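Breakdown of the fold
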Amino acid sequence: MTTPLRAPREIAAPGNGGVGDSPLRPDGTLKVRGEFAYSSDLWIEGMLWGATLRSPHPRARIVSMDIGLALAMNGVHAVLTHDDVPGRKHYGLDLTWDQPVLAIGEVRHQGEPIALVAADHPEIARRALKAIAIEWEVLEPLTDARRAAFDPTYPQVQERPNPARYQPVRFGDVESVRDRAEVVVTGTYEVGIQDQAFLGPESGLAVPREDGGLDLYVATQWMHNDLKQIGPCLGLTDEQIHMTLSGVGGAFGGREDLSMQIHAGMLALRTGRPIKIVYNREESFFGHVHRHPAEMRYEYGATRDGRILYADVEILLDGGAYTSATLNVVGNAASLGVGPYAIPNVKIDTYGVYTNNPPCGAMRGFGAVQACFAYESMMDKLGAACGIDPVTIRQINAASQGTPLATGQIIWAPLPMAEMLEQARRLPMPAPLDASDIRNLPGGASQTTHGEGVRRGVGYGVGLKNICFSEGYDDYSTARVRLEVIGGVATALVHTAAAEVGQGLVTVEAQIARTELGIEHVVIHPADNGVDSAGSSSASRQTYMTGGAVKTACEAVRQELFARVPGGHTDLSLVGGKIVSESMGVLAAIEDVLGEDAIEETRRFHHHPTTGMDKRTGQGDTHAQLGLCVHRAVVDVDVELGLVKVVELAAVQDVGKIINRLSLEGQIHGGTAQGLGLAVMEEIVVRDGKVRNPSFTDYLIPTILDMPPMRLEILENADPRAPYGLRGAGEPPTLSSTPAVVAAIRDATGLDLTRVPVRPEHLTE
Amino acid sequence: MKAGTPGAVPIQGGTDVMVEINFDVHRPAALLDLNQVPELFTWERIDGSYRVGAGVPYVQIIAELGHELPGLAQAARTVGSPQIRNRGTVGGNLGAASPAGDSHPPLLAGDAIIEVASAAGTRMIPAHEFYLGVKKSALRPDELIRAFWMKPADGPQYFSKVGTRNAMVIAVCSFAVALHPSERRVGTGIGSAAPTPRRALEAEAFLAESLDWEARMDPEVLRRFGELVAAAASPIDDVRGTADYRRHALAVMARRTLTWAWNDYRKVRAA
Ligand SMILES: Cc1cc2nc3c(=O)[nH]c(=O)nc-3n(C[C@H](O)[C@H](O)[C@H](O)COP(=O)(O)OP(=O)(O)OC[C@H]3O[C@@H](n4cnc5c(N)ncnc54)[C@H](O)[C@@H]3O)c2cc1C
């Protein structure tokens, strides 16, 4: 089989650093220079271009569809509809199988795929899409999430009934203490729809094989879960599909669901030609799920000295037309609905519903992000009501090792939250405003102020995120490590199916292999399904899970290597390429023991098992690990114009063990920036089920002038259950930065601010 | 050539044209590449006025005309990102005639004149007669924009633009002010708050009447000026902002920019 141009190849991991060092990543320089091969850069001789016809309506019936004109066009090789789906006609992220591969008689959200075209040129494909004639019966979209949750007369959106999931949490007994509360605060909070806004749009290549199978080159987050859906829909077995991860241009959850995979496969099988599909930016906004918008009602009762007695919470999450990740989003929001606070009596009702609004699913910190904005806003409100400052009110109620979460799960690892807050408070404050350069001011070079109306505010946020998959899921990762002598040097080949999505995973894999095998040379095999599942690059889990798998596989290789050293030593280790006996010193070079042989071991790594949430009480040991981040935000707000400049974001995060400081800091910076975006600008604006800003012209993400310098304090309190004691780190900062920024804006303006993103008109009304 | 192929779309920096093509808004039958016309890339001073070729990019306006055309240069600084400022031009901004184009308010406040040309000859169109409707201008299908003319600032000028992020953002609304002390007059320009960029004529007339050019700024005059600027707009609610907010922000920007200009003016006089 010919390999496409710019398909991934084995890469030698740069540098020689082990665990705890910061070797550079192989993709870094390439990306900065514009030379990195993304999945949209793939090319193969004879390929056709695939394109997707999408629904302009959020809810409508397809009365008739005529593909005749499109099919007759010169240069068009296939026009496919749901009739042409070779296997199962539905797929679904959590194997709910509720999402049609192509619309069947009706559409349930704007942008839903209806038909596919393969053509010689993208422009011909585009024209062919236009030539497909559809007669619509347009229906009023079902966009009211509240009615979807509570009104039994509200029409059903799809076959699965509403709510998609209802998860109560009952801990203690709220009613028994309601009367005893001396202070009661309530709040209703809203989170708008955030988008992952990854820069590399959905794209990939499907190449038909002579044996009837397919080679798929795609940018995804979890190949094996893709395959579980792609195979049945294409009518192929797992063995017939060879999948290779191609250059991923960011993911953030948005690539957990399938996009073009089955579509390209269908066109390739039909035409017998390789098919390339690349979404453009606008299509990308319809090509992946977004963050669930949320409406949240909170009531806290407390003693006058700020001790919370009870929390009464309702969380409503709109998942759009299909299930996607909604079941887990609800689980996270429910179990972490009051965050890292030890509250003796908790009642949480969490609903995830189907509507005809844009489909929502996985995005960095899902479920927990939404709840965090609400519970942190509540902490500030409670503090204000009790006359207690934001840090102290949090410390008074902080959870810690040994206290239970709302699910009853006892926090088993260190959780020094009160101390972390203290640390955040004590960090030096940024310098006072220097108005002599307008770029320091809200509005920047747009020159909306020379200092007039600008007030400074400070706010805090704390977020608790579950790391790895929860609720009893059989979560594992697999790694194959092969040690052999290449060019006279012991070299490890690390092979996993784990998706490098830009987080730096392959660098961490190499560091672990170096540390465990005492060598320098590590080569990373392209991620593909030639090895078993690594699970998803989500839930902050890959350093823990695939890192754990690589470590375990290396240990097995090491054992096998030691077994080949004569003399039955029991005190061996690998250092600097040598086999070293603690009692006898250096015994041999690895190369000498290996000779021409290779040692190859494949291992599957599981995290500590979890349980489900009880259906009625939500109780259970549902989480495998918890990650905590504390943010302090300092903002300058132009209170007359409602413009915000975040001056500084300081973060204190406990990561258990720093595996690669450079990558870790990148994760904290990036997660913080994404949280800042949600706080002040990022929103998919929807009216009547339709997206009004599917472009980077109007879906704004922070620029370098919006994201301030950060001060980081990184703690290493080991989680005894995790490899090296590490904690997943990518998501917690995304949670806490949003409420910290909003709290700082509240501090500057004195306004209530119950919705994110905060818009200028919210600050000037 | 433009006359021969009226359907041909002129392209200068391409920062609007290429976006529209990529987004499938237009599939022009032909592009007319103005980058082959060196004359468009030059500016000169003629009889006390600046004649700036339609193809002079923002970055050059900032670097070379910042002192003479400060309001326009400030606006140019707010356009997009460095890449966009390297390619984008005032000619293209005028060609697109978007109500949100950042060149327009300072062109209006500074009494710019647009020089347009066709096989039939040249027309000189004052900026305030150039903008006719949403993305519609007085340019005829057979005409091209050749240059704009502007007198060097005879007094302080300011441009201010509200966006929902601190860089690279399309205006929610914008405002430009230009003092013309020799004429005892203040020019204004409003952006992104009406179907076209426009002057706040009543506000200008009010200042012409009520401004005491020898005195400190009267807070009451300032307040009324803000009100009149806001009243001159006819904004809509859209995804970038509400009409109410736009009116409110225009009043604030009008007061602030006039204050800055006035302070500069008095400082210069005092010196
Ligand atoms: C990322 C990005 C950010 C942007 N940010 C801003 C911003 O902040 N503020 C802003 O105002 N704009 C912004 N723009 C829009 C654009 O950059 C400006 O409108 C710019 O001034 C266009 O100039 P250009 O030379 O690239 O025009 P082109 O794209 O070449 O042309 C624009 C239009 O003018 C016509 N045209 C060009 N030259 C002539 C001529 N000589 N005679 C007649 N018609 C002509 C073209 O046919 C076309 O209709 C942004 C664009 C992008 C892509």
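Reading the values: rules and limits
Residues numbered from 1 in each chain as written. Chains lettered and ligands numbered in written order. Predicted model: local features only at pLDDT ≥ 70, side-chain atom pairs only at ≥ 80, totals over all residues. Heavy atoms only, no water. Helix = DSSP H or I, 4+ residues; strand = E, 2+ residues; numbered from the N terminus. Rg over C-alpha atoms; globule rule 2.2 N^0.38 Å. Buried < 20%, exposed > 50% of the residue type's maximum accessible area, 1.4 Å probe, protein only. Contact = heavy atoms within 4.5 Å. Areas by Shrake-Rupley, 256 points an atom, 1.4 Å probe, with all protein chains shown as cover. Lys, Arg positive; Asp, Glu negative; His and termini not counted. Charge placed at Lys NZ, Arg CZ, Asp CG, Glu CD. Near = heavy atom within 4 Å. Domains from an automatic or database assignment. Buried area = accessible area lost by both parts, 1.4 Å probe. Salt bridge = Lys/Arg side-chain N within 4 Å of Asp/Glu carboxyl O. Polar contact = N/O pair within 3.5 Å; in protein donor to acceptor, adjacent residues only side chain to side chain. Disulfide = S-S within 2.5 Å.

The name given to chain A in an unreviewed UniProt entry is Xanthine dehydrogenase D subunit, with Nonomuraea soli as the source organism.

**Comments concerning the overall build of chain B**
Looking only at helices and strands, one finds 10 helices and 12 strands in chain B. For chain B, the C-alpha radius of gyration of 18 Å lies close to 18 Å, the compact-globule estimate for 271 residues. For chain B, buried positions account for 54% of its 271 residues. Nonlocal contacts in chain B, meaning residues at least 24 apart in sequence, comprise 60% of its contacts between residues at least 6 apart. Total accessible area on chain B is roughly 11,400 Å²; 55% of this is exposed by carbon and sulfur atoms. Counting 30 positive and 29 negative side-chain charges, chain B places the centres of these two groups 4 Å from one another.

**Re the site of the ligand**
Residues and elements named next belong to chain B. Near the ligand, the surroundings consist of 31 residues, among which Pro-10, Thr-15, Asp-16, Tyr-58 and Thr-89 are the closest. In isolation the ligand has 980 Å² of accessible area, and contact with the protein removes 86% of it. For the shell around the ligand, the secondary structure elements donating two or more residues are β1 (9-11), α1 (17-22), α4 (82-87), α5 (90-96) and β9 (144-150). A total of four residues in the shell around the ligand trace back to one element, the largest contributor, which is α5.

**Structural notes on the domain arrangement of chain B**
Residue and element names in this part refer to chain B. According to the domain assignment, chain B contains domain 1 (9-150) and domain 2 (157-270). Look at where the C-alpha atoms of domain 1 and domain 2 centre, and you get two points 23 Å apart. At the junction of the two partners, domain 1 supplies 25 residues and domain 2 supplies 26 residues. Here domain 1 and domain 2 share an interface that buries about 1,800 Å² over both sides, 62% of which is from carbon and sulfur atoms. A per-residue breakdown of the area domain 1 buries against domain 2 is headed by Pro-99, Pro-105 and Ala-109, which together make up 26% of the total. The tally of links from domain 1 across to domain 2 stands at two salt bridges. One salt bridge in this structure joins Lys-161 and Asp-102, with 2.6 Å as the shortest N-O distance. In this assembly, domain 1 and domain 2 are joined by eight residue pairs in polar contact (both at pLDDT 80 or more). Counting only elements with at least two residues in the side of domain 1 that touches domain 2, the list comes to α3 (70-78), α6 (104-109) and β7 (131-133).

**Comments concerning the pattern of salt bridges**
It is possible for side chains bearing opposite charge to pair when their charged atoms get close. Under the defined criterion, the tally for this structure stands at 73 salt bridges over all chains. Close ionic contact of Asp-211 of chain A with Arg-209 of chain A constitutes a salt bridge, the shortest N to O distance being 3.3 Å. The partner of Glu-214 of chain B in a salt bridge is Arg-184 of chain B, and the shortest N-O contact between them spans 2.8 Å. In this pair, Glu-214 of chain B sits in the loop between α8 (201-210) and α9 (219-232) while Arg-184 of chain B sits in the loop between β11 (173-180) and β12 (185-191), placing the two residues 30 residues apart along the sequence. Overall, the relative accessible area of 37% leaves Arg-184 of chain B in the partly exposed class.

**Let's talk about the state of the cysteines**
Here the structure, examined in full by the defined rule, presents zero disulfides over all chains. Cysteine Cys-386 of chain A is unpaired, with the sulfur of Cys-372 of chain A as its nearest cysteine sulfur at 20 Å.

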